[in-house]
Amino acid sequence: RAHAAVISAASKFFKNLLGGSFLEADRVQRGQPVEIAASKAAVAALLDYVYGGQPEVNLEAGLELLRLAEAYDLPKLASAIEASFCASLDSIAA
């Protein structure tokens, strides 16, 4: 339950999903895991961010993490990923 509370506090999307009448809320109530359609690296980075970390991922996982951030209403994470991509491109161009 604590994990669901942390995730729900991080995003309105998760709050509505886990606290509403969706299948995922029922799964959480029964103590079952909720599946996220993403790689293990992207999900781990998403959870790292939700718990206050600053995940560092490769380009492939970063693109997937950006998709998750946008899908799950985490605009600060999306902005951080985009800034990281821009910085990487700037360093390559220099």
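Anything mentioned here points back to the structure above.
In this text the structure is predicted, and so the values were computed from the model without any measurement. (Residues numbered from 1 in each chain as written. Predicted model: local features only at pLDDT ≥ 70, side-chain atom pairs only at ≥ 80, totals over all residues. Heavy atoms only, no water.)

Section: the packing of helix H4 (residues 40–50) against helix H5 (residues 59–71)
Between two packed helices, what matters for the description is the angle formed by their axes and the separation of those axes. This is how it is decided: Note on method: axes are straight lines fitted to C-alpha atoms, helices fitted across the in-contact stretch only, with angles between N-to-C directions ranging 0 to 180 degrees. By the criteria applied, helices consist of DSSP H or I runs no shorter than four residues and strands consist of E runs no shorter than two, each listed in order from the N terminus. Between 65 and 115 degrees an angle is taken as roughly perpendicular, under 35 as roughly parallel, over 145 as roughly antiparallel, and anywhere else as oblique. Note on convention: near helix rotated counterclockwise from far helix by under a right angle means a left-handed crossing. Clockwise means right-handed. In what follows, a contact means two residues having at least one pair of non-hydrogen atoms within 4.5 Å. Following the grouping adopted for this structure description, the nonpolar residues are Ala, Val, Leu, Ile, Met, Phe, Trp, Tyr, Cys and Pro, the charged ones are Asp, Glu, Lys and Arg, and the polar ones are all others, Gly among them.
H5 packs onto H4 with a crossing angle of 55° between their chain directions and a minimal axis gap of 9 Å. Classified by the angle between their axes, H4 and H5 sit oblique to one another. Of the two possible hands of crossing, H4 and H5 adopt the one that is right-handed. Note on element contacts: H5 touches H4 through Ala61, Glu64, Leu65 and Leu68, opposite Ala41, Ala42, Val43, Ala45 and Leu46. Looking at the contact of H4 with H5 residue by residue, the classes come out as eight nonpolar, no polar and one charged.

A word on the nonpolar core
A general feature of soluble globular proteins is that nonpolar side chains tend to end up buried together. Operational definition: Among buried residues, the Ala, Val, Leu, Ile, Met, Phe, Trp, Tyr and Cys ones that are joined through side-chain atoms within 4.5 Å form a nonpolar core. For the exposure calls, accessible area comes from a 1.4 Å probe over protein chains only, and a residue counts as buried if that area is under 20% of its type's maximum, exposed if over 50%, partly exposed in between.
Grouped together as the largest cluster of nonpolar side chains are 19 residues, with contacts concentrated most on Phe14, Leu46, Leu65, Tyr72, Leu74, Leu77 and Ile81. Sorting the residues of this core by element identifies helix H1 (2–10), helix H2 (12–19), H4, H5 and helix H6 (75–93) as the ones contributing at least two each. In contact with Leu74, other than residues within four places in its own chain, are Ala10, Ser11, Leu46, Tyr49 and Ala69.

Some details on the packing of aromatic side chains
Where two aromatic rings form a pair, the distance of their centres and the angle of their planes describe that pair. Convention followed: Think of it this way: a Phe, Tyr or Trp ring, Trp meaning its six-membered ring, pairs with another when their centres are within 6.5 Å, and the plane angle makes it stacked under 30 degrees, edge-to-face over 60, tilted otherwise.
As enumerated under the stated definition, the model contains three aromatic pairs in all. Here a set of aromatic residues connected by ring pairs shows up, and it is made of Phe13, Phe14 and Tyr72.

Remarks on the layout of surface pockets
Going by this rule: The method works on a 1 Å grid over the protein atoms by themselves. A cavity is a set of points holding a 1.4 Å probe that cannot get out, a pocket is an open set with protein on both sides within 12 Å along at least five of seven lines, and residues with an atom within 4 Å of a point line them. Grid points are joined across faces, edges and corners, and a volume is the space filled by probe spheres set on the points.
By volume, the largest pocket is sized at about 350 Å³. In this structure, the largest pocket is lined by 17 residues; those nearest its centre are His3, Ile7, Val28, Pro33 and Val34. Of all the elements in the fold, those that place two or more residues in the lining of the largest pocket are H1, H2 and H4. A per-element tally of the lining of the largest pocket places H4 first, with four residues. Tallied by class, residues from the lining of the largest pocket come to 13 nonpolar, three polar and one charged. Quantified by volume, the second largest pocket comes out at close to 280 Å³. As for the second largest pocket, its lining consists of 16 residues, of which Pro55, Glu56, Ala80, Ile81 and Ser84 are closest to the centre. Elements supplying a minimum of two residues to the lining of the second largest pocket: H5 and H6. Taken together, the residues of the lining of the second largest pocket break down into nine nonpolar, six polar and one charged.

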